[in-house]
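# Summary of the model geometry
Chain residues, written in single-letter form:
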Amino acid sequence: MKTTRILLSLLLATGVFAAGNVEKKGFLTTKWCAQNGYFSDCRLESVACGSGDCFKTWEFGDKVKEELVLFVHEEGKMYSIDYSGIERYKLDEPMNVNGVTIIGQLKGDTIVATGYKAPPPATKSFFKGCL
């Protein structure tokens, strides 16, 4: 009985039973790329200025317009991400990658992120033959 209480308190402390936490798995990208269906070939300038051709008018020093979303394929829906609980540079690795899990609280169509899980990198393959 005592070990059950200890185990339950550890689970509660780690947040496993935290109320309102959700885990959504999908494709992490920018809002512009998701709206236009650009998943495998999303333009990187959309991270800084919000669209694909904005580099033509965007100047250094202009305000960064970064709208990150998670497109969940099973639902056919995109969720805006409030990443104020995560250091932004950590989301560079899973950017434009499928299978990213965002952990946080769901408020309407926005996920207030408290963490994330990136999928494992692709395994190395061996090619034997002539190029």
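Structure shown above.
Now for a look at the structure at hand. Just so we're clear, the structure is a prediction, and the values are computed from it rather than from any experiment.

Cut-off values and rules
Residues numbered from 1 in each chain as written. Predicted model: local features only at pLDDT ≥ 70, side-chain atom pairs only at ≥ 80, totals over all residues. Heavy atoms only, no water. Helix = DSSP H or I, 4+ residues; strand = E, 2+ residues; numbered from the N terminus. Buried < 20%, exposed > 50% of the residue type's maximum accessible area, 1.4 Å probe, protein only. Contact = heavy atoms within 4.5 Å. Areas by Shrake-Rupley, 256 points an atom, 1.4 Å probe, with all protein chains shown as cover. Disulfide = S-S within 2.5 Å. Pairing = 2+ DSSP bridges. Axes fitted to C-alpha atoms, helices over the stretch in contact; angles between N-to-C directions. Phe/Tyr/Trp six-rings, centres within 6.5 Å; stacked < 30°, edge-to-face > 60°. Lys NZ or Arg CZ within 6 Å of the ring centre and 35° of its normal.

A tally of regular secondary structure across the protein gives three helices and five strands. A burial count over the protein gives 28% of its 131 residues as buried. At a minimum sequence separation of 6, the contacts of the protein that also span at least 24 residues come to 54%. If you sum the accessible surface of the protein, you get close to 9200 Å²; carbon and sulfur atoms cover 57% of it.

Right, let's get into the state of the cysteines. One pass over the structure, following the stated rule, counts one disulfide. The side chain of Cys-33 participates in a disulfide bridge whose partner is Cys-42; the two sulfur atoms lie 1.8 Å from each other. Disulfide Cys-33 to Cys-42: torsion about the S-S bond roughly 75°, handedness right-handed. Residue classification places Cys-42 among the buried residues on the basis of a relative accessible area of 12%.

Quick look at the sheet that holds strand β3 (residues 77–82) now. By way of backbone hydrogen bonds, the strands of a sheet pair with one another, either parallel or antiparallel. In space, the five strands of this closed barrel follow the order β1-β2-β3-β5-β4, with mixed pairing throughout. Here the strands of the sheet are splayed against their neighbours by 55° on average, with no regard to which way each runs. Note that strand β1 (residues 21–30) and strand β4 (residues 97–107) share eight bridges and pair antiparallel. When the sheet's bridge partners are listed, Leu-28 is paired in β4 with Val-97.

Locating Thr-101 in the fold gives a position in strand β4. Excluding residues within four positions of it along the chain, Thr-101 makes contact with Glu-23, Lys-24, Lys-25, Gly-115, Tyr-116 and Lys-117.

Within the structure shown, the criterion is met by three aromatic pairs. When the centroid spacing of 5.2 Å and the interplanar angle of 45° are considered together, the rings of Phe-39 and Phe-71 count as tilted. Linking Phe-39 in the loop between α2 (31–36) and α3 (45–49) with Phe-71 in strand β2 (residues 68–72), this pair joins segments that are 32 residues apart in sequence. Of the aromatic side chains, those joined through ring pairs into one cluster are Phe-27, Phe-39 and Phe-71. We note Arg-88 situated over the ring of Tyr-83; from NZ or CZ to the ring centre the distance is 5.9 Å.

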